[in-house]
Amino acid sequence: MSLRGLQTFSRMIRGRRLFAAGLQCCRCRLSCHVKRHYSLLPDDVKSLRALVNPEISRIRNIGIMAHIDAGKTTTTERMLYYAGYTRALGDVDDGDTVTDFMAQERERGITIQSAAVTFDWKSHRINLIDTPGHVDFTLEVERALRVLDGAVAVFDASAGVEAQTLTVWRQAEKHHIPCVCFLNKMDKPAANLSFCIESIRQKLKANPVLLQIPVGSGKNFTGVVDLLTSQKLMWKMKSMRDDGRVFEVKALDRSDDPDLLQVVSDARTALIEQVADLDDEFAELLLTDFSENFDAIPSYKLQEAVRRVTLARKGVPVLCGSSLRNKGVQPLLDAITAYLPAPNERHHDVVRWYKDDLCALAFKVLHDKQRGPLVFLRIYSGTLKPQTALHNINRNSTERMSRLLVPFADQHVEIPSMTAGNIALTVGLKQTVTGDTIVSSKASAAAAARRAQNDSEAGKRSRECASVILSGVEVPDPVFFCTIEPPSMSKQADLENVLNCLQREDPSLKVRVDPDSGQTILCGMGELHIEIIHDRIRREHGIETHLGPLQVAYRETILHEASASDTLDRTVGERRHVVTVELAVRPVDIASAGGSCELAFTEELEGQLSAETKEAVENGVHSSFLQGPLLGYPLQSVSTLMQRVTIEPGTSPAMVSACVSRCMLKALRLAGGQVLEPVMSLEVTVGDDHLSSVLGDLAQRRGTVRDIQSRHDNKVLLATVPLAEMMGYSTVLRTLTSGNATFSLELDTYEAMNPQEQNTLLKRLSGLL
């Protein structure tokens, strides 16, 4: 018999044993108050075509977010398995998980791009997006959270809040997304519940609402106690191959460990008091009906109150488990359906103006060799059907969608329609990009605009169209760049086409052509980001490209205030163009401006300029922001005030833009230039014996130590370091610590380079030119 046949036969035998055990358990359930839970048997895999299509209140759009290696993908894999949508448990180390389907993901054991899967759990439909934990791919987290209604934050129970945890948490807060916390890896010897709770409270400034107490610690972690129901959920693994489908639910009684009973009693009392402080309705119920005995409060009343607290973002439910050891994932699924919001519980101002008409946001694009562009849409209102024409408001274009699919990582199933609240995958939208608003027709957009105009709040807005467009996805600026060259000029056109496709898939990837050398410049979020792009070009498109040396994407700013004026007088053909411009520039504090450049008009000028002229002025100023006067890097933290714009009749807008750009260049040169370099937040986890070596290396890299914290037997070093000094740091750190250290980087801010470093940079770049 073949190996596949033996595996199938063993599953059948195992399934029968589970079924027999279930029958035996059912016979004794009344006498011992023990209940066993069963999912589908291993070979009964559900089909996406049989997916439940419930009412909108039973839909959950959630994301899994965390620091790298916290267990996001493993948790997602267990969810799919217990929901009955996979036949076997995938493993990140084996490279056979559902959501990590890219070759690079399976080789490296990390998530590179977000992957969407759809499944059902107890009559609820869950649209889940597994996101990357590496800082280089933070855009994937950003655009996922933009369209989701809730999130599960996964923590390593031995580490608590880590560097990238802070980043993704801030992203979730920006979009006002309710969260549930899952303390994963409770089976690790260093796992510490109280440490994790305190780090959530201190570092995330959140209010953790503990719903479970772990039973056992380290290798002896066997289950959890549900504080709402006072029930013990136990996974009694008989072997390493036990998949965790079967677990016991047993009410706590006097036969249990007295210490555990005391801990649970104290924790439940603290939970009730905490929820009462956060929810007035629950507090009133306690004082009126259960003032004599708080413990008598029904568990469903407590659950309802926890849900209200979660949706109001006053607190975050905290659960614990071990996804790799198959413990605690089913209660996490229950918590997702119980506490995280349905689409109709999230309020989107723009959507209400469309009523029952289609309104959707494109948040991700993939390119398929057979199907062409695949566009992910979050449907906010209306119904989506294949073979229909859709209007893109951002592009002012109409396209025909040919097919409609349910996303399941890289395996998709075609369906006849998709209702509001869901995430869909579409085929045929060739012009749509990330952040575009999709509606059924121009007429529906116009009708929504009229409703928005009638609304008292929307009536104050100057642009009618802007009020009916969903806010897009914020794309971070790149921090690294390098040249990229094809193997021969015959491949140049192919490379340009590939780079266009990759930019459409990944908006954080920027491609430009150097005006002096004519070389193609690749700009990305980090070393790993550019390395992955380079590898994809080779593997997926068969082009062996050459990358130039990696360089840091600096910024420029100005040192002083300066004013300038300029007049352009040019005759083109029989037409004379005359325009005079006066403006002033000044530096702005980086912290207050957030690093952006600003443009303002004097009150007198604001009322004089036509919309066309104003747009021409804005184009001229913004083009100047893209190239500083010192080294040609983009400008940052510069404020421009337009003081006078005089135009002779017949002058074209292009000439106005040209004059403004020339005047800006004059003012910027008078103001003096300053190079800003990206400074990174660095977190290194290292043992005591290697700490001095790491500190010595950090001093040579112009690093500044902010804090050194203790975490169990390790030290956590927090520092800021210029990005230019971090090239190849992973290799150096591995050598210094014999591979016994981990680190993470995150862009902190841009700081002015000291004169010595700036002169060195100027000389180096002059040598390159």
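These figures come from a predicted structure and were not determined experimentally. (Residues numbered from 1 in each chain as written. Predicted model: local features only at pLDDT ≥ 70, side-chain atom pairs only at ≥ 80, totals over all residues. Heavy atoms only, no water.)

Explain the overall build of the protein chain residue by residue, including any values.
The secondary structure content of the protein chain amounts to 21 helices and 34 strands. A compact globule built from 769 residues should have a C-alpha radius of gyration of about 27 Å, and the protein chain, at 29 Å, falls within 12% of that. Over its C-alpha atoms, taken along the principal directions, the protein chain stretches across nearly 100 × 65 × 65 Å. Relative to its 769 residues, the protein chain shows a buried fraction of 53%. By element, 49% of the accessible surface of the protein chain is carried by carbon and sulfur atoms, the whole surface being about 35,200 Å². The average position of the 88 basic charges and that of the 96 acidic charges among the side chains of the protein chain differ by 6 Å. (Helix = DSSP H or I, 4+ residues; strand = E, 2+ residues; numbered from the N terminus. Rg over C-alpha atoms; globule rule 2.2 N^0.38 Å. Buried < 20%, exposed > 50% of the residue type's maximum accessible area, 1.4 Å probe, protein only. Areas by Shrake-Rupley, 256 points an atom, 1.4 Å probe, with all protein chains shown as cover. Lys, Arg positive; Asp, Glu negative; His and termini not counted. Charge placed at Lys NZ, Arg CZ, Asp CG, Glu CD.)

Provide a residue-level description of the packing of aromatic side chains, including the pertinent values.
In this structure the tally under the stated criterion is six aromatic pairs. Ring centres of Y85 and F408 lie 6.4 Å apart, and the angle between their planes is 40°; on these two criteria the pair is classed as tilted. Of this pair, Y85 sits in the loop between α2 (72-83) and α3 (103-108) while F408 is found in the loop between β17 (403-406) and β18 (413-414), placing the two residues 323 residues apart along the sequence. Judged by its relative accessible area of 5%, Y85 is buried. Ring plane angle 25° and centroid distance 4.8 Å describe the contact between W235 and F247, whose orientation is recorded as stacked. Residue W235 is located in the loop between β10 (231-234) and β11 (247-251), and its partner F247 is located in strand β11; the two are separated by 12 residues in the primary sequence. Neither W235 nor F247 differs from the other in exposure class; each is buried. Cation over ring: R245 sits above Y81, and NZ or CZ is 4.0 Å from the ring centre. Taking the ring centre of F481 as reference, the NZ or CZ of R512 above it sits at 5.7 Å. (Phe/Tyr/Trp six-rings, centres within 6.5 Å; stacked < 30°, edge-to-face > 60°. Lys NZ or Arg CZ within 6 Å of the ring centre and 35° of its normal.)

Any details on the nonpolar core? Residues and values, ideally.
Among the nonpolar cores identified, the biggest contains 110 residues, and F119, L183 and L384 are the most heavily contacted of them. With eight residues, the top contributor of residues to this core is helix α7 (residues 258-278). Setting aside its immediate chain neighbours within four residues, F119 contacts L51, M79, L80, A83, Y85, H124, R125, I126, L128 and L333. (Core = buried A, V, L, I, M, F, W, Y, C linked by side-chain atoms within 4.5 Å. Contact = heavy atoms within 4.5 Å.)

Would you mind going over unusual backbone geometry in detail, with residue names and values included?
Located in the positive-phi region is H176, a residue other than glycine, with phi close to 55°. Among the residues examined, H176 registers a relative accessible area of 49% and is labelled partly exposed. If you check the backbone angles, A409 has positive phi at about 55° while not being a glycine. With respect to the element layout, A409 can be found in the loop between β17 and β18.

How would you summarise the pattern of salt bridges if you had to cite specific residues and measurements?
Inspection of the entire model under this criterion finds 38 salt bridges. Between E248 and K236 there is a salt bridge, and its shortest N-O distance comes to 3.5 Å. Residue E248 is found in strand β11, and its partner K236 is found in the loop between β10 and β11; the two are separated by 12 residues along the sequence. Judged by its relative accessible area of 12%, E248 is buried. D477 is paired through a salt bridge with R555; the nearest N and O atoms lie 3.7 Å apart. Placement of the pair is D477 in the loop between α12 (442-454) and β21 (480-485) and R555 in strand β26 (residues 555-558), with a sequence separation of 78 residues. Here the salt bridges do not stand alone but share partners, grouping E107, D535, R538 and R539 into one network. (Salt bridge = Lys/Arg side-chain N within 4 Å of Asp/Glu carboxyl O.)

Requested: an account of the side chain of R555, with residues and values cited.
Exposure remark for R555: the relative accessible area of 6% places this residue in the buried category. The residues contacting R555, other than those within four sequence positions of it, are D477, P478, Y633, P634, Q636, Q674, V675, L676 and Y750.

I'd love a proper account of the sheet that holds β18, names of residues and values included.
Backbone hydrogen bonds are what pair the strands of a sheet, in a parallel or an antiparallel way. The strand order across the open sheet built from eight strands is β16-β15-β20-β13-β14-β19-β17-β18, with neighbouring strands paired in antiparallel fashion. Both outer strands of the open sheet, β16 (397-401) and β18, are each paired with one neighbouring strand and no more. In this sheet, strand β19 (residues 423-427) lies alongside β17 in antiparallel orientation, the contact comprising three bridges. Pairing of L405 across the sheet is with L425, part of β19. Against the sheet, helix α4 (residues 138-147) engages β13 (359-368) and β14 (372-381), with an angle of about 145° to β13. (Pairing = 2+ DSSP bridges. Axes fitted to C-alpha atoms, helices over the stretch in contact; angles between N-to-C directions.)

Quick rundown of the confidence of the model for the protein chain? Include the residues and the values.
For the protein chain, per-residue confidence averages 87 on the pLDDT scale, and residues scoring 70 or more make up 91% of the total. Here residues 458-466 scores under 50 on pLDDT; set against residues more than four positions off or in separate chains, the count is eight contacts. (pLDDT = per-residue confidence, 0-100.)

Describe the packing of α2 against helix α10 (residues 329-339), and please don't skip the residues or the numbers.
At their nearest, the axes of α2 and α10 sit 10 Å apart, and the two run at 85° to each other. In terms of axis orientation, α2 runs roughly perpendicular to α10. Here T75, R78, M79 and Y82 of α2 lie close against α10, whose contacting residues are V329, Q330, L332, L333 and I336. Tallied by class, the residues present in the contact of α2 with α10 amount to six nonpolar, two polar and one charged. (Parallel < 35°, antiparallel > 145°, perpendicular 65-115°, else oblique. Nonpolar A, V, L, I, M, F, W, Y, C, P; charged D, E, K, R; others polar.)

Break down the sheet that holds strand β27 (residues 562-572) for me, with residues and values.
Taking strand neighbours across the sheet as the criterion, the four strands line up as β27-β28-β30-β29 in an open arrangement whose pairing is mixed. Unpaired on one side and paired on the other, β27 and β29 (598-601) mark the two borders of the sheet. Pairwise comparison of adjacent strand axes, ignoring direction, gives a mean angle of 25° for this sheet. Relative to strand β30 (residues 638-647), β29 runs parallel, the two being bridged by four bridges.

Tell me about helix α18 (residues 653-671), residues and numbers included.
Taking 1.5 Å per residue, 19 residues should reach 27 Å; α18 reaches 27 Å between its end C-alpha atoms and fits that length. Within α18 the residues assigned to the buried category are M655, V656, S657, C659, V660, C663, M664, A667, L668 and A671. Where α18 is buried, its residues touch β26, β27, β28 (575-587), α17 (611-625), β30 and β31 (673-687). Immediately downstream of α18, the backbone of G672 shows phi near 80°, a positive value. (Expected span 1.5 Å × (residues − 1).)

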